[in-house]
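# A structural walkthrough
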Amino acid sequence: MEAQEVVYLPISQVAEVAYCPRNFYYRAVEKVDLTDARMAQGSIAERKRDTRATIMREGKLQVRSVTVSSETLGVIGVIDVLEEGEFPCPVEYKTGSADEGLYERVQLCLQAMCLEETLGRVIPYGYLYYAGSRRRVCVDFDHILREKTLECVSEARRLLDSPTRPEPVNDWRCPGCSLLPICMPSEDRFLDGAGPKPRKPLPSLGIERVLYVDEQGAYLRKDGSRLAVTKDGQTLASIPLAHVDQLVLAGNVNLSTPLLKHLLRYDVEVVLLNAYGKYEGRFTPELSKNSVLRLRQYERSRDELFRVQVAKGMVAGKVHNMRAFLMRGNRSRGSAELETSIQRLTALVPSVERAVNLETLLGLEGAASHAYFQGFAALLGKDVAFDFQKRTRRPPKDPVNALLSLGYTLLCTDCITAAQVAGLDPYVGFYHIPIHGRPALALDLMEEFRVVVVDSVVLALINKGSIRPDDFEEKYGGWFLTERGREKFYAAYGQRKNTEVTHPIFDYTLPYRRVLELQARLLSKVVMDDIPAYQAFVTR
Ligand code: SF4
């Protein structure tokens, strides 16, 4: 029989168990990595320290970056400094200014236990060095710390095989935790009815600062630390690369391979639309290696009961937002058509709540959309040059439908991004059936946002006269925006995404682009059973 290979766990990861088992699970099992400023600072400081392998300090030889491991414990790590003296003494460098707790002592103790196994001698103590206060703290490796350290190792091994995330610790550790925007412990507690409304989350990876380029024939390249947009030998724009979070290219726009590589390396995704704004594909950096979540998502996408439960939340949210939008529009109009649509939507609400299968929900959603778009026509100003009878697509049969179609395409792109940022597969949905090449989950996520993000932009552009009939052209049996029309739409859509809105569940304000991401994260929590049900984003 072959000997079983030992799977070595990084010492720093095992020590995370002492800090928060959920944190360990995110990093070791789900491979989430959201390096925060403190950790980045630590690694920069580490790189600086590495420049000299050995030094003499107060007459003692110090050796830097010593790799240690233990076959018995199955752990491996690097000791920052090994100081020679009566015995080899491990010293761990920290960027902070004070003893931050058990986590650091467990890390140091594990390093010492590895040394003991290798050298066959006892290491009685080590040091934590705090760069912030330039203080050395002596840590005794007594039996209590050793027992705690061994507990962390066995708990880490147990968690590696566990299908479920540990509960959030939800205490003083969370505010300083780099995983807070992903873990959202306060939101979990609030949704479980066990805690107060949470405070606004820390900003995480943003999808703001989107650069749209739809100048046909343009060429984008890396020019030092800037992104240059050129055409026919002329530089049209030069933008610092550090200011770009997402690049959207529409139509015949090219970019150089060095630029593409640079963008992907720095987690900037590149989205490709065709000249009419239809989503064609994307280059995505490796944002999430969240395989546990994805496996669970695939499992749940085959669970009919789960799908109905999630889809109900989404359809209910969509119907609510349609109704609220028409009601707001009717405050100043007092239109009978609008009132009829509102009443029809109101009548559908209990049926959505009672629905027991996806077919029923699809039928109800279809009826709701029909009622809504009849009312939507009445929201267009009397003196505008556009007419709207009903929703048409592929191709849109009039300019209003052309605007709606372009808006939904952009929203779908943003929902794909939101799903990916949350670690979900955007192509495996719960409400929408997965069809080859269709981003079913993004379509699920966008249901509750269609009206509040896209339709409101379309209505404002038309009623304020910002978009005119000559911003459209009729071809291929449908209506499409001209280049100038698209520019106007992109600008208005971008503005809408940056509009701050109060989240109805948590009561803090966020721009819509962050709300998309938050909803995707809530959905991922439902998938992982962290929270019981999906609650859509609804307007008041
Ligand atoms: S936010 Fe809190 S519960 Fe979540 S991983 Fe961090 S410390 Fe643990």
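As the structure is a computational prediction, the values presented were derived from the model and not from experiment.

### So, the overall build of the chain
Counting its secondary structure elements, the chain contains 17 helices and 19 strands. The 540 residues of the chain split such that 53% are buried. In the chain, 64% of the contacts between residues at least 6 apart in sequence involve partners at least 24 apart. By element, 52% of the accessible surface of the chain is carried by carbon and sulfur atoms, the whole surface being about 25,400 Å².

### Here we look at the packing of helix α13 (residues 399-421) against helix α15 (residues 450-463)
In the contact formed by α13 and α15, the axes pass within 10 Å of each other and the chain directions differ by 145°. Considering the relative orientation of α13 and α15, their crossing is right-handed. Residue-level inspection shows V400, L403, L404, G407, Y408 and L411 of α13 in contact with α15, the latter providing R450, V453, V454, D455, V458 and I462. Along the lines of polarity and charge, the residues of the contact of α13 with α15 split into nine nonpolar, one polar and two charged.

### Concerning helix α5 (residues 143-160)
Compared with an ideal rise of 1.5 Å per residue, which puts 18 residues at 26 Å, α5 spans 26 Å between its outermost C-alpha atoms and is within 8% of the ideal. Residues of α5 that are buried: L145, R146, T149, C152, V153, A156 and L159. Looking down the long axis of α5, one finds its buried residues gathered within 155° of arc, a one-sided arrangement. Turned more than 90 degrees away from the buried face of α5, the exposed residues are H143 and I144. On its buried face, α5 is in contact with β1 (9-10), α1 (11-19), α2 (21-29), α4 (102-119) and β7 (135-140).

### Points about the pattern of salt bridges
Counted under the stated rule, the structure contains 24 salt bridges. Note that K497 and D414 form a salt bridge whose closest N and O atoms lie 3.1 Å from each other. Residue K497 is located in helix α16 (residues 483-497), and its partner D414 is located in helix α13; the two are separated by 83 residues in the primary sequence. Take D414: its relative accessible area is 3%, and that puts it in the buried class. With a closest N to O distance of 3.1 Å, R450 and E447 form a salt bridge. You can call R450 buried: its relative accessible area is 16%. A network of salt bridges, in which partner residues are shared, links R468, D470, D471, R484 and K488.

### A closer look at the site of the ligand
Lining the immediate environment of the ligand, one finds C20, N23, P168, V169, C174, C177, L180, C183 and P185. Counted by class, the shell around the ligand contains eight nonpolar, one polar and no charged residues.

### Here's the deal with the packing of aromatic side chains
A complete count under the given rule lists twelve aromatic pairs for this structure. Between F325 and Y372, the aromatic rings sit 6.4 Å apart at their centres with planes inclined by 45°, giving tilted as the arrangement. Placement of the pair is F325 in helix α10 (residues 304-330) and Y372 in helix α12 (residues 358-379), with a sequence separation of 47 residues. Comparing F325 with Y372 shows no difference in burial state: the two are buried. The interplanar angle of 70° and the centroid separation of 4.9 Å between the aromatic rings of Y372 and F373 together place this pair among those described as edge-to-face. Assessed through its relative accessible area of 1%, Y372 is described here as buried. Pairwise contacts between aromatic rings join F325, Y372, F373 and F376 into one cluster. Across from the ring centre of Y127, 4.4 Å away, lies the NZ or CZ of R136, which sits over that ring. A cation over a ring is seen here: R450 above Y408, with NZ or CZ 4.8 Å from the ring centre.

### So, the side chain of Q111
As for its position among the elements, Q111 is in helix α4. Judged by relative accessible area, which is 1%, Q111 ranks as buried. Separated by 3.5 Å, the side chain of Q111 and the backbone oxygen of V78 make a polar contact. Look past the residues within four positions of Q111 in its chain and what remains in contact with it is I11, V68, V78, I79, P90 and E92.

### Brief notes about the sheet that holds strand β11 (residues 234-240)
Strand order in the open sheet formed by four strands is β11-β10-β9-β13, with mixed pairing between adjacent strands. Only two strands of the sheet have a single neighbouring strand rather than two, namely β11 and β13 (254-255).

### Here's the deal with the confidence of the model for the chain
The predicted coordinates should not be examined in detail at positions where pLDDT is low. Looking at the chain, pLDDT values average 83 and 88% of them are 70 or higher. Put simply, helix α3 (residues 37-49) is where the chain has its lowest mean pLDDT, 41, and helix α14 (residues 440-446) is where it has its highest, 95. This stretch, residues 34-51, has a pLDDT under 50; its non-local contacts, to residues over four places away or in other chains, come to 20 contacts. pLDDT under 50 marks residues 201-208. Its contacts with residues more than four places away, or in other chains, come to 23 contacts.

What counts as what
Residues numbered from 1 in each chain as written. Predicted model: local features only at pLDDT ≥ 70, side-chain atom pairs only at ≥ 80, totals over all residues. Heavy atoms only, no water. Helix = DSSP H or I, 4+ residues; strand = E, 2+ residues; numbered from the N terminus. Buried < 20%, exposed > 50% of the residue type's maximum accessible area, 1.4 Å probe, protein only. Contact = heavy atoms within 4.5 Å. Areas by Shrake-Rupley, 256 points an atom, 1.4 Å probe, with all protein chains shown as cover. Axes fitted to C-alpha atoms, helices over the stretch in contact; angles between N-to-C directions. Left-handed = near helix turned anticlockwise from the far one by under 90°. Nonpolar A, V, L, I, M, F, W, Y, C, P; charged D, E, K, R; others polar. Expected span 1.5 Å × (residues − 1). Arc of directions from axis to C-beta. Salt bridge = Lys/Arg side-chain N within 4 Å of Asp/Glu carboxyl O. Near = heavy atom within 4 Å. Phe/Tyr/Trp six-rings, centres within 6.5 Å; stacked < 30°, edge-to-face > 60°. Lys NZ or Arg CZ within 6 Å of the ring centre and 35° of its normal. Polar contact = N/O pair within 3.5 Å; in protein donor to acceptor, adjacent residues only side chain to side chain. Pairing = 2+ DSSP bridges. pLDDT = per-residue confidence, 0-100.

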